[in-house]
Every structure is written in structure tokens, then in C-alpha cells.
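The primary structure of each chain is shown beneath.
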Amino acid sequence: MGRSMRYQEIQLAQLRSFCLAATEGNFTSTAKALSLSASTVWQQVRALERELQAKLLCRQGRAMELTGEGRLLKSGFLRVVLWCVAWFGVLGIAAAAAGAEGQPSLTDTEKRWAFEPIKRVEPPTDPSGWSANPIDRFVRARLRKHGLEPAGPADKRTLLRRVSFDLIGLPPTPAEVDAFLADRSPGAWAKVVERLLASPAYGERWGRHWLDVVRYADTGGFESDLPYPNAWKYRDYVLRSFNADKPFDRFIQEQVAGDELWPDNAEAVQATALYCVGPVLSESALTAGQLEYEWLTDAADTTGAAFLGLTFGCARCHNHKYDPITQKDYFALQAVFAASDRPFPKKVRETRIKVLNGLLADTPLPKEKLHDPRCTVQTEEQTGFFHLFHRAQPWEVHRLHRGELNKPRETIGPAFPAFLRNVASQPDFNGVPADKRRAALAHWLTSPENPLTARVLVNRVWGWHFGQGIVRTPNDFGAQGEAPTHPQLLDWLARDFVEHGWKLKRLHRLILLSRSYCMNSIAEGPGRQIDPENRLLWHFPRRRLEGEAIRDNLLACSGTLNLKMYGPPVVPPLSAEELAGLFDARGKWPVTQDATEHTRRSVYVLVRRTFLHPLFASFDPPEVMTSCPRRMQTVVPAQALTLLNSPLAREQSAAFARRLLKECGAEPDKLVARAWLLVFGRPCTRAEKERSLAFLRRRSAPAARETALAEFCLALFNTNEFVYVD
């Protein structure tokens, strides 16, 4: 059979060692001791399987009784065991290759495109003359390579509705539609874009996108879901920054280290509340160091995801399985934040004091213990603000075995990720005062040499415009993320963005004035077979509005939208059925007393981590416990039922009916025409008009005209055209 029995036993023993190592999580020593590669493991398994099959056939030929491995192989059991052992072996080798205790070895992952310097790319030529700017030339080149032609241009009504929801999250008014249709000048489209970018509603729309990325909420989550009374100040900072077109490198620096870089600028200091709006579990205060460790974990994870587009959190318990991020890199990032702290809800401090005094969690805290000097947990009442501050003494950060707080290893100091040192120059932290660590991090994140931050940001902006990014995994530019569909375009956009001052509105103009953005959304032709997912962008993707935009659309059409900006969160009234899933609804959903506040824009509605507004919850809300890279888009029955039966939809349908009667009187023709313009931004067709009038005639009586009209309005709100944008 070509191999000695002893050699087979050695091979099986080696593979068995890998299997045991996998179950114990100790891959490194096994891989080094055996000196095996992943390919060697697979080859050994195949060889063993062939030999056992030969052995089985030999025994069958001699009509011998099948025993031992022969019977197991025939049953298929041994084959499954062998391949499982091989799989564990490969996992062990992959983990060992990353260097479980030290620096990762050089692998193909380190050479991944995202970690390379941003290239200077020249836009390709476009002999067809279709392109309006460099973006189109990149898109057209990719289409030409695959034998595809771009879809034709969208009509002006479609374009106006598209860009209005895109930039400000509201439908165009009939007057705005008429003005755009009447303007036949070459710069008509550019004027629309400029008007919308200058609107205060722009910051409300695009600020909401950023709030998704930084896991914003007004409460701490988990069972207690403790409130953050002043989290809205960070939300307002974000909205104002977008409206002011603040350079995005400055925007990032303020959020990471505004208090260290501009201590006299109240707005910059407030920006550090980015690291205060994350989740907090009050019970963590029961264990020494657990509360602080969880905050450092949230800070490191959010920084890695939001700014670098990497899954840093995967390196907390062990070296990253796929990217060259070591445990040391991860805890070094935590150490950057270890000199800082955040204010916590009052209940968290009280819990810590109870532990220090040996009191049970449900025991009332005596007043004389409220100011226990041993408790270092600070509250908003004590600090008088809701943003980061510096500790008297930085926490000592250790690398933790398997990420467990009670298994500390060596002390780790602040440092930048080692795998990027050859790409972006990184000053070390020697000589950097503890109260300037985050400032060093902020400067490094926004350095033109950093290959990730600008790429990640322009990819997010592209995705918010087109529904999917050039990289469709916005928070994962690592080995497990998707490759860019237009890599040269991504690098061109990133370099252009940095060289022109990190100005977001300029980036908007580039994208919105391209022919790629202005294409029709109708998908016809060979592209449906060649590129059914529209990865190459041969037509504009049709998209559904988010829950917030749907609610704002309802309010805008009905004429009840309150455009007041900024301030504490609004808590609109909900029905008893809608509040059924919320424990202590009166205390946790305290309805705002001023009824005029109830119809403000959705970005101002209270965001509870454990209970979202029912309309938002039905239409794929963002993940609020961690950074949300993109919202899902599902189609489920609850969405239709919510728009048809919710008190909000019915109230706004009645308000819309009253608006139509006020503006058009009792003339059915005018009512229908006006409704269509307000809801869809276009005139109704003859068939639509006839069906609408027939419905109103059947349902109307002199005393029930408004009720019938409200039902008609509700039907319009439940159409696909209302919630989708072409």
C-alpha cells in the first residue's frame, strides 16, 4: 500500500493533535511543533482516505469480515471524522500564522488592497462622450469591459424626487417641481443640487446617516435601559456640523479628541460625547474593573469600525483570524482611551458604591454613602456635562487571555496598529502626555498617509447615495469584507476628497452631477443577465425609504410637519397596543406635553435602545448597540400592516384629507389631482383619476365626505410609489 503502518499512525496522531488544539483554543504551539501547512493537512487526509479505501477493497476481495476502520469507512463515519479533524487543523494553522502571542507574520492579508497607500489614478477615457465628469469615466469603463451600456437618463420629475429624498429626506413640493420643469437652462439640475445642499434639512438627513455609524441612542440599553438626558447635544452637534459643511477631518478630530485639541471650543469638546452615547450595563458596576473594561471595549470597537472600517473587536479575545490585527494592537487602542473617562447614569454609580460597602443590589443606598470617595464612577450631575474628561490616573491596560478580565497578561501601552506602520507614518507615544493620547490618535486617523479613513468615508457616502457602497461591507475593509467593484474609482474619490479639504458637499456635487446618478432606474436589456445585482451600476438602483423618511413623508404630505430644529428628544404619543412590549411605559415613554412637538422630524424622536418607535421598528431600523454600517431592506407583512393600521398613518390620512379640502374645496377632480402631486410629485394618469373618482363616489355621502377622502389618502400612503424612490 506504499506506506508503513507506523507512518499512518504518525499522520493520524498529528491530525488528532490539531483537533485537540482546536477544542482547547491553543493552536500556536501545535502548529509550530508539527511544522505543517494547511495544504499538508488536506494532502494527508486525502492520502489516509485513499489508503483506508484500498484496505477496505482488499478485505472485501478476500471476503473477510469488515472490522475497525473498514466498517467505519463504509458507514461514512470515519470519512466525516477525518475531514472534521482536517478542518480543525487548518483553523489551527491559520491562527498560528497570525502569531497568537506576538506580531502577525507577513501574509497575503497584510497586502490587501485596503492597507495599501491610496493610489493616484487617472480617469480612463470615454470615447462615447457619455461621461459628464471623472466618476462617469470610471463607471463607463467598467461597463464597457463587460459589454454593458448605461441606462438612459431619468426624467426631471423622477430626478427631483430622487435627489430631494436623498439630500433632505423630504418630498419636493409641487411648486419646486413646477420650477424645475420650467427651468430649461443648462444649469437647472446644478441649481437644484445647490438649493438642497443649502437647506437646513440637509443636516437632519445626512446627520442621521452618521448617527447610525456611531450607534447613537438616548438610553444605555439592556434591561434597565438607563436614560442619557443630554445625549441630544451630541446629536445636535452632528446635525450642525453637516449643515456647516465642516471639513470631515476636523469633524473626526473633534469627536475623537476635541477636548484635547480645542479645549476652549465648547462645540469641539461636546463632540467627544461620541464615546458617551454607547451602551452601558449597570450590573457591570458590580465587578471591579468590568464597567471600565466594557467602556474601553466599546471605544475601541467603535473607533475601528466607524473610522477605519475594520472589525477590531474580533481581536479582543485572540489575534484576528483573517486580518493582521493582533490582540496587542487591540489593547493598545484601548490604552489610548485609558487616560479618559465618561459620565455614567446615576444608577451605575450607586451600584458601584453598594458593592464597595457590601450592600445588596436591591438595598436602598443611605444618603451618607452617596459621596463615597472610593467610587471613581462619575455622573452627569457631578461633572455638569456629557462628554469625555481625563482621569487623575490612567487605567493600566493588560492584554487579556481570551479577553477575560480575570486573566490579565502583560501590560500594554498606547500604540497604533502595527500592520499599518509601513503604510502610514505613525509617531509613537513616547513623550506623549496621558491627556494628549486621543489627540495623537485623531491626527493619525486623519493623516493623508492613512489609507483607510478617507476610503471608508467616501465609500459610505457613495453607499448612502446609491444604496450600496463601492465596497458593500462598509465596516469591514478586511479579508472577510467584499472587494470594491470599482477600486480605481474608490481611490480617485478618496484622494480627491483629501486634496480638496475633506469637504463633504463638494463630494456630493461630484456624485450628484454625474450621469451615473442621473440614470433611469428601469432595469432592461442584457444587464439583467450579466449583472442582475447591478454591481457595475448600469442603472440607478430603486430603493425603499427608511422608517424615519417614511414618517417625515407622511407628515409633509399631510401638512403637519413641524420644521423646528434641535433640542431635547421628542416623545410622540403611542397607542396602548404599540406600547404593549415596553415595561413601565409611562416612565420610559413620557409623552412630550407640547402637542406641536409630536410632528417634528423623525431625527428628533427619542431613541431607546430597547424600544424603538413602532414605525421605525417595522422598516428595518439601524443596529443601536454597535456601529451600523448599512440598514437592511426587507419586505415583510408587518410593514404593510403598520402603514395600513397604525394610529399614525390613520391620523395623518385624516389630516391630509383636511388639507385637500381646505386647498381644493369639494371638487373631486381637483382633490385627486392635488393629492397625486403632493404624494408622488407627478400628475395622475387618466386611469388613475377614473379609479380614484369612482372610489370617492362609492364611499362619499355629504356627511361622510371627509371620511371617504381620508380612506383615499390612506390608500395612497400604502402604495409602493409612496415608500420607494426610483
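Refer to the structure above for everything that follows.
Residues numbered from 1 in each chain as written. Predicted model: local features only at pLDDT ≥ 70, side-chain atom pairs only at ≥ 80, totals over all residues. Heavy atoms only, no water.

1. Describing the overall build of the protein
Rule in force here: What counts as a helix is a DSSP run of H or I of at least four residues, what counts as a strand is a run of E of at least two, and both are numbered from the N terminus. Accessibility here uses a 1.4 Å probe with only protein chains present; expressed as a share of the type maximum, an area under 20% marks a residue as buried, one over 50% as exposed, and anything in between as partly exposed. Note on definitions: a residue-residue contact is assigned when non-hydrogen atoms from the two residues lie within 4.5 Å.
The number of helices and strands found in the protein is 31 helices and six strands. Residues counted as buried form 54% of the 726 residues belonging to the protein. A separation threshold of at least 6 residues defines the contact pool for the protein, and within that pool the share at least 24 residues apart is 71%.

2. Considering the environment of Ser282
Looking at the secondary structure, you find Ser282 in the loop between helix 13 (266-270) and helix 14 (290-308). Residues in contact with Ser282, not counting those within four places in the same chain, are Ser224, Leu226, Lys347, Val348 and Thr351.

3. Thoughts on the nonpolar core
Defined as follows: Working definition of a nonpolar core: buried Ala, Val, Leu, Ile, Met, Phe, Trp, Tyr and Cys residues. They are joined through side-chain atoms within 4.5 Å.
In this structure, Trp210, Tyr234 and Phe248 are the most contacted members of the largest nonpolar core, which totals 140 residues. Of all the elements, helix 14 adds the most residues to this core, at nine residues. In this structure Tyr234 touches Trp210, Leu211, Val214, Tyr216, Gln255, Gln270, Ala271, Ala273, Leu274 and Val277, once residues within four positions along its chain are discounted. By size, the runner-up hydrophobic cluster in this structure holds 36 residues, among which are Ile550, Leu615, Phe712 and Val723.

4. Concerning the pattern of salt bridges
Pairing between side chains becomes possible if they bear opposite charge and their charged atoms approach one another. To be explicit about the condition: By definition here, a salt bridge exists when the distance from a side-chain nitrogen of Lys or Arg to a carboxyl oxygen of Asp or Glu is within 4 Å.
Scanning all chains against the criterion turns up 44 salt bridges. With a closest N to O distance of 3.1 Å, Glu546 and Arg205 form a salt bridge. Of this pair, Glu546 sits in the loop between strand 5 (543-544) and helix 23 (547-558) while Arg205 sits in helix 10 (residues 200-213), placing them 341 residues apart in sequence. This pair shows no difference in class: Glu546 is buried, exactly as Arg205 is. Glu254 is the partner of Lys246 in a salt bridge, and the nearest nitrogen-oxygen pair spans 2.8 Å.

5. Overview of the packing of helix 6 (residues 134-145) against helix 20 (residues 487-499)
A pair of packed helices is characterised by two quantities: the angle between their axes and the separation of those axes. Formally: Here the axes come from fitting lines to C-alpha atoms, over the contacting stretch only for helices, and the angles between their N-to-C directions go from 0 to 180 degrees. Each angle gets one of four labels, with under 35 degrees taken as roughly parallel, over 145 as roughly antiparallel, 65 to 115 as roughly perpendicular, and the rest as oblique. For any pair of crossing helices, the crossing counts as left-handed if the nearer helix is rotated counterclockwise from the farther one by less than a right angle, and right-handed if it is rotated clockwise. For this classification, Asp, Glu, Lys and Arg are treated as charged, while Ala, Val, Leu, Ile, Met, Phe, Trp, Tyr, Cys and Pro are nonpolar and the rest, including Gly, are polar.
Closest axis-to-axis distance for the helix 6/helix 20 pair is 9 Å, and the angle between their directions is 165°. One element, helix 6, and the other, helix 20, form an angle in the roughly antiparallel class. For the crossing formed where helix 6 meets helix 20, the hand is right-handed. Each of Pro134, Ile135, Phe138 and Val139 in helix 6 lies in contact with helix 20, whose residues at this interface are Gln488, Leu489, Trp492 and Leu493. Grouping the constituent residues of the contact of helix 6 with helix 20 by class yields seven nonpolar, one polar and no charged.

6. A few points about the packing of aromatic side chains
Convention followed: Ring pairs are drawn from Phe, Tyr and Trp, using the six-membered ring of Trp, whenever the two centres fall within 6.5 Å, and their geometry is named by plane angle: stacked under 30 degrees, edge-to-face over 60, tilted for the rest. Two conditions define a charge located above a ring, namely a distance within 6 Å from the ring centre to NZ of Lys or CZ of Arg, and an angle within 35 degrees of the ring normal.
Under the defined criterion, the tally for this structure stands at 32 aromatic pairs. Ring centres 4.9 Å apart and planes at 65° place the aromatic pair Phe248 and Phe251 in the edge-to-face group. Here the residue Phe248 and the residue Phe251 both occupy positions in helix 12 (residues 248-261), the gap between them amounting to three residues, near one helical turn. An identical accessibility class is assigned to Phe248 and Phe251; each is buried. Measuring from centroid to centroid gives 5.7 Å for Phe466 and Phe540, while their planes differ by 50°, and the two rings are tilted. One end of the pair, Phe466, is in helix 19 (residues 453-466); the other, Phe540, is in the loop between helix 22 (527-530) and strand 5, and 74 residues separate them in sequence. Lying across the ring of Tyr566, Arg240 places its NZ or CZ 3.9 Å from the centre.

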